Amino acid sequence: MRPTVLCFSGLDPSGGAGLQADIEAIGQSGAHAAIACTALTIQNSQQVFGFEATSKELLLAQANAVVKDLPIKAIKSGMLGTTDNIAALAAFLREHPDYLYVLDPVLVANSGGSLGNQETLVKAFVELIPFATVITPNTVELRALTGEQDLEKATAKLFEMGAQAVLVKGGHENTPEYIRNALYENGEMISETKCPRLDGEYHGSGCSLASFIAGRLAQGDELKVAVNHAEAWLFGVLKNAESPVEGGQKIPKRF
């Protein structure tokens, strides 16, 4: 069977982000996706209206069930929703130290909707950072996690907090012509990519990128190779994205 990525993420009813994005991106990477649902959200492609988090007991029960009979090689986490769920995932990772782990530190949706109390989530995420093979924050999340506004200082602080590797995504920066991503390992930048900035906003781009990286890592790619594959794939996915609402966020076309 294909190597499996176990995703700890929330359900997005619109199918643009969350677990559906994980499943589709991991499938496109060539791996198999398994799911531990962290929350049921109330949202569409444009706005988050609310959510109800899974209990930590139910979350761990889902994860423990699938590890018994699937070839799990990597973990990917997105929306975790509560500090209890973050602590539960940390406990799970301690029990499975051999799994590769892609941490996408989701704090808010692209639409700006809340996916948990940001202040308490930021404090709790510190526990997950040392477990991660790579952390994939956008620059808003990077600043929130570290309290540093300067991106170089913020990235350095993540390594002080125990990070092994960090992919800094530049889509939120004021660079009208391009988006710059930078991959750091052990505190040093090992890769920098720039792609043309496409028009509009996209619902689920971060989920898709992190999940594709996890899928490639599960199949044995080195980190830099996995990230480069994922970035190239994502650009095509966004270039062909579909618009449910004129002028609103677009849904990546992952197939």
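You'll find the structure just up there.
Residues numbered from 1 in each chain as written. Predicted model: local features only at pLDDT ≥ 70, side-chain atom pairs only at ≥ 80, totals over all residues. Heavy atoms only, no water.

> Is there a simple way to think about the overall build of the protein in this case?
In terms of regular secondary structure, the protein is built from eight helices and nine strands. For 255 residues, the compact-globule estimate of 2.2 N^0.38 gives 18 Å, and the protein sits close to it at 16 Å. Residue burial in the protein is summarised as follows: out of 255 residues, 53% are buried. Within the protein, residue pairs in contact and separated by at least 24 positions form 68% of the contacts whose partners lie at least 6 positions apart. Only carbon and sulfur atoms are counted for the fraction: they give 51% of the accessible area of the protein, which is about 11,200 Å². If you average the places of the 20 positive and of the 29 negative side-chain charges in the protein, the two averages end up 3 Å apart. (Helix = DSSP H or I, 4+ residues; strand = E, 2+ residues; numbered from the N terminus. Rg over C-alpha atoms; globule rule 2.2 N^0.38 Å. Buried < 20%, exposed > 50% of the residue type's maximum accessible area, 1.4 Å probe, protein only. Contact = heavy atoms within 4.5 Å. Areas by Shrake-Rupley, 256 points an atom, 1.4 Å probe, with all protein chains shown as cover. Lys, Arg positive; Asp, Glu negative; His and termini not counted. Charge placed at Lys NZ, Arg CZ, Asp CG, Glu CD.)

> I'm lost on the nonpolar core in this one. Help?
One broad trend across soluble globular proteins is that nonpolar side chains are buried collectively. Counting residues in hydrophobic clusters, the biggest one holds 39 residues, and the most contacted among them are L6, F8, I75, L89, F92, F125 and L128. A165, L167, F212 and A218 belong to the second-largest nonpolar core, a separate cluster that totals 31 residues. (Core = buried A, V, L, I, M, F, W, Y, C linked by side-chain atoms within 4.5 Å.)

> Honestly, helix α7 (residues 205-218) in this entry has me stumped. Any pointers?
Within an α-helix, residues lying three or four positions from one another point in the same direction, as the helix has 3.6 residues per turn. A rise of 1.5 Å per residue sets the reference length of α7, with its 14 residues, at 20 Å; its end C-alpha atoms lie 20 Å apart and thus fit the reference within 8%. Most of α7 sits out of view: 14 of its 14 residues are buried. Residue G220 follows α7 closely and has a positive phi angle near 105 degrees. (Expected span 1.5 Å × (residues − 1).)

> What is the right way to look at helix α3 (residues 83-95) in this model?
Under the 1.5 Å per step criterion, the end-to-end length of α3 is 19 Å for 13 residues, consistent within 8% with the ideal 18 Å. Listed as buried for α3 are N85, I86, A88, L89, A90, F92 and L93.

> Explain the pairing of strand β5 (residues 100-103) here, please?
As a general feature of sheets, a regular strand has side chains that alternate between the two faces. Of the pairings in the sheet, the one linking strand β4 (residues 72-77) to β5 comprises four bridges and is parallel in character. Counterpart to I75 in the pairing with β5 is Y101. Considered for its hand, the β-α-β crossover made up of β4, α3 and β5 is right-handed. Sheet topology places β5 next to strand β6 (residues 134-135); two bridges connect them, and they run parallel. Note that in β6 the partner of L103 across the bridge is I135. (Pairing = 2+ DSSP bridges. Right-handed = clockwise from strand over helix to strand, strands pointing away.)

> Hey, could you run me through the packing of aromatic side chains in this one?
Two aromatic rings are characterised by how far apart their centres lie and by the angle between their planes. Under the defined criterion, the tally for this structure stands at three aromatic pairs. Between F92 and Y99, the aromatic rings sit 6.4 Å apart at their centres with planes inclined by 35 degrees, giving tilted as the arrangement. For the residue pair F92 and Y99, the accessibility class agrees, reading buried in each case. Aromatic pair F212 and W233: ring centres 4.6 Å apart, planes at 20 degrees, arrangement stacked. You can see F212 sitting in helix α7 and its partner W233 sitting in helix α8 (residues 223-239), a full 21 residues away along the chain. Exposure remark for F212: the relative accessible area of 6% places this residue in the buried category. Feature note: the residues F8, F92 and Y99 constitute an aromatic cluster, connected by ring pairs. Lying across the ring of Y178, K194 places its NZ or CZ 4.6 Å from the centre. (Phe/Tyr/Trp six-rings, centres within 6.5 Å; stacked < 30°, edge-to-face > 60°. Lys NZ or Arg CZ within 6 Å of the ring centre and 35° of its normal.)

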